[in-house]
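# Fold and contact review
Here is how the chains run, residue by residue.
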Amino acid sequence: PSGTGPWRRTEVTYPRQSPWPPSSVHPDEHALHNPDFLWRNPDPKPSYDIVVVGGGLHGLATGYYLAKNHGLTNVAVVERAWLGNGNAVRNTTVIRSNYLRDESAALYEHCLKLWETLPDDLDYDLLFSQRGVLNLRHTQHDIHEAQRLIHSNRLNGIDAEWLDVQGVKEFCPLINTSADVRYPVVGASLQRRGGIARHDAVVFALARAANRLGVDLIQDCEVTGFEKSGDRVTGVITTKGRIGAGRVGLAGAGRSPLLATMAGFDLPIQSSPLQALVSEIVDQILPCVVMSSAVHVYVSQAHKGELVMGAGRDPFTSYAQRGSFQILESQMADALQLFPIFGRIHLLRTWAGIVDVAPDASPIIGLTPIRDLFVNCGWGTGGFKATPGSGWVYAHTLAHGEPHPLAVPFALTRFETGDLIDEHGAAAVAH
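Residues numbered from 1 in each chain as written. Predicted model: local features only at pLDDT ≥ 70, side-chain atom pairs only at ≥ 80, totals over all residues. Heavy atoms only, no water.

### Some points on the packing of helix H2 (residues 57-70) against helix H10 (residues 383-400)
It is the contact of H2 with H10, at a shortest axis distance of 7 Å, that shows an interaxial angle of 50°. When the axis of H2 is compared with that of H10, the two are oblique. Classified by chirality, the crossing of H10 by H2 is right-handed. Along the lines of polarity and charge, the residues of the contact of H2 with H10 split into twelve nonpolar, ten polar and no charged. (Axes fitted to C-alpha atoms, helices over the stretch in contact; angles between N-to-C directions. Helix = DSSP H or I, 4+ residues; strand = E, 2+ residues; numbered from the N terminus. Parallel < 35°, antiparallel > 145°, perpendicular 65-115°, else oblique. Left-handed = near helix turned anticlockwise from the far one by under 90°. Nonpolar A, V, L, I, M, F, W, Y, C, P; charged D, E, K, R; others polar.)

Rendered as structure tokens:
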């Protein structure tokens, strides 16, 4: 492309972060953006009141809320590699709460309300942007499904509205609303409070905040087994030695079944890669998040200017953080149907996260068959949007030894009783 018009490459200026602690501030301007450290890197103590296994977003949020909400600071978050090395920075950062079932809507709305105050709570610029999430509809069936979802959301106090084709064009002029395509746009559901945030900033902010409150964040510390006394857990065996624990919380996302097997029980989770890609940097042209389940792609634009795209997960089980070329090829083709002008942009890079999916496409939060051992997993590709709410309810569960009221419906035992929370429809490819 030429150096003019919306496709010209742009210089990037990052927003300045909140002031750092005096101990980490240096006199030069560069150091204000790059402090010596954001958190301590301690060796594990012999024991803790609570050990959280997994240093991704949910594990960090759990550690933070254990200290902030419950005053529990003798807490360790242990991570087998470095903080945020997995799905925390391998996602497309979409935030929304417009789920169908009452149980899901309540939980995700709690998450969204926490997002709305999280930058102030953490004193960190998370680049949280409530630009709106637009879910395109292409058939009469789509319209009926959207209307059902909108009415369900409104009954649960969640903002939701219907846009006709003209409304779609006015809200997002870049979308191709021509009738002469395979899947013409016939309308869209819209949640204006939805949006995006910057994932690595959330990792940094949660880790810094948890560290300040006294939580130990222990990196390069892989859990290799569990110590038990009768039917209860008493500690974790790690590559840095034994760590005693009053309670243990699993927050290992796709690797939770491996941890559960070590402890002696099973989790109904399948893990597979979910790919995403970003374009080169261009001017800000896309004012909202655009999703479509009929045309399998969802797109937003990062603050720097890259277009971020995701689609369906790969159809095979794997822990590999990579995916298949045909998935990328398909999602780019679908993106070009919705946005033909994207054909002028270059692909910059791709990646994959490991999504952990339960049979009903809803998370598993709460007790396990092992006393004092708890689990939080199965968020599929909804993990990023759930970060603060997941940490909030899981911290309550670990602190009190019983599920938070919002987490009660998501118990592991629902797969025995049949009280499933089927969110395949509201999650789908645009989860």
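### Description of the pattern of salt bridges
Inspection of the entire model under this criterion finds 14 salt bridges. The shortest N-O distance in the salt bridge between Arg-137 and Glu-145 comes to 3.2 Å. A relative accessible area of 24% places Glu-145 in the partly exposed class. Each of the salt bridges in this network shares a partner with another, and the network as a whole consists of Glu-109, Glu-116, Asp-159 and Arg-193. (Salt bridge = Lys/Arg side-chain N within 4 Å of Asp/Glu carboxyl O. Buried < 20%, exposed > 50% of the residue type's maximum accessible area, 1.4 Å probe, protein only.)

### Considerations on the sheet that holds strand E16 (residues 347-357)
Spatially, the eight strands line up as an open sheet ordered E5-E6-E4-E13-E14-E15-E12-E16, and their pairing is mixed. The outermost strands of the open sheet, each flanked by one partner alone, are strand E5 (161-163) and E16. For this sheet, the mean inter-axis angle between neighbouring strands, taken without regard to orientation, is 20°. Strand direction decides the pairing type here: strand E12 (residues 270-281) and strand E15 (residues 306-313), joined by five bridges, are antiparallel. From the neighbouring strand, Val-278 faces E15, where its bridge partner is Val-308. Against the sheet, helix H9 (residues 325-338) contacts strand E4 (133-137), E12, strand E13 (289-292), strand E14 (297-301), E15 and E16, and its axis sits at roughly 50° relative to E12. (Pairing = 2+ DSSP bridges. Contact = heavy atoms within 4.5 Å.)

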